[in-house]
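So the chains spell out like this:
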Amino acid sequence: MYDTIRLLFQDLTYKVHPFRGNTAESLLCVFDGHGGKSTALAARDTMEGAVTAGFRRFESTHLRPPTTLEEYTGLFTEVFAGIQEAILATHTVNPEQPHVATPDDDGCAALVVYRTGNTLVTVSAGDCGAVLFTHTPSEAKLISATHSMTE
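As recorded by an unreviewed UniProt entry, the chain carries the name PPM-type phosphatase domain-containing protein and is attributed to Kipferlia bialata.

Below, the structure written as structure tokens:
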């Protein structure tokens, strides 16, 4: 029964508004646990700080916030890679059975929507997806792609 309950509650959401103390900025996140939720919890607990630090590094180098898709892609790729590296450093994987999840050996997909003013930036790693709905369902738009950190 524990395994059934564990599998049912492995997805997490996280919202930060205002983000970085700015009411024009928001950070909305979904962490889709795979085989458990310890990695989803670790990603949730580190995402806000990692994104804040990523913006701080970018702004100190460029003396302005990111404005292009390429700049946002670089910033969030660095953030996601850093979180993945930190999580992998704390997880152990049995090399003989890397596909078998244990309480300390799970994973997660992550989807982050960053809003600044009227601009939405959507980034993801894994199989999370985001759809933007407007006033009618016919105006729904997929605003994310499924992929992995190695793509």
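Having seen the structure, we can now continue with the description.
Draft legend 1. Broad picture of the environment of Val-112. Structurally, the position occupied by Val-112 is in strand E3 (residues 107-116). A C-alpha to C-alpha distance of 9.8 Å links Val-112 and Thr-13, two positions 99 residues apart in sequence. In this structure, Val-112 is in contact with Leu-27, Leu-28, Cys-29, Met-47, Phe-76, Phe-80, Val-121, Thr-122 and Val-123, ignoring residues within four places of it in sequence.

Draft legend 2. Focus on the confidence of the model for the chain. Across the chain, the average pLDDT comes to 81, with 77% of residues at or above 70. Confidence, expressed as mean pLDDT per element, reaches its minimum in the chain at helix H1 (residues 2-8) with 44 and its maximum at helix H2 (residues 38-62) with 93. Across residues 1-8, confidence stays below pLDDT 50; counting only partners more than four residues off in sequence or on other chains, it has 5 contacts.

Draft legend 3. Up close: the packing of H2 against helix H3 (residues 69-90). The N-to-C vectors of H2 and H3 enclose an angle of 140°; their axes lie 9 Å apart at closest approach. It follows from the interaxial angle that H2 and H3 lie oblique. As H2 runs across H3, the sense of the crossing is right-handed. Along its contact with H2, which presents Thr-39, Ala-42, Ala-43, Thr-46, Met-47, Ala-50, Val-51, Gly-54, Phe-55, Arg-57 and Phe-58, the element H3 presents Glu-71, Tyr-72, Leu-75, Phe-76, Glu-78, Val-79, Phe-80, Ile-83 and Ile-87. Among the residues forming the contact of H2 with H3, the class breakdown is 14 nonpolar, 3 polar and 3 charged.

Parameters and conventions
Residues numbered from 1 in each chain as written. Predicted model: local features only at pLDDT ≥ 70, side-chain atom pairs only at ≥ 80, totals over all residues. Heavy atoms only, no water. Helix = DSSP H or I, 4+ residues; strand = E, 2+ residues; numbered from the N terminus. Contact = heavy atoms within 4.5 Å. pLDDT = per-residue confidence, 0-100. Axes fitted to C-alpha atoms, helices over the stretch in contact; angles between N-to-C directions. Parallel < 35°, antiparallel > 145°, perpendicular 65-115°, else oblique. Left-handed = near helix turned anticlockwise from the far one by under 90°. Nonpolar A, V, L, I, M, F, W, Y, C, P; charged D, E, K, R; others polar.

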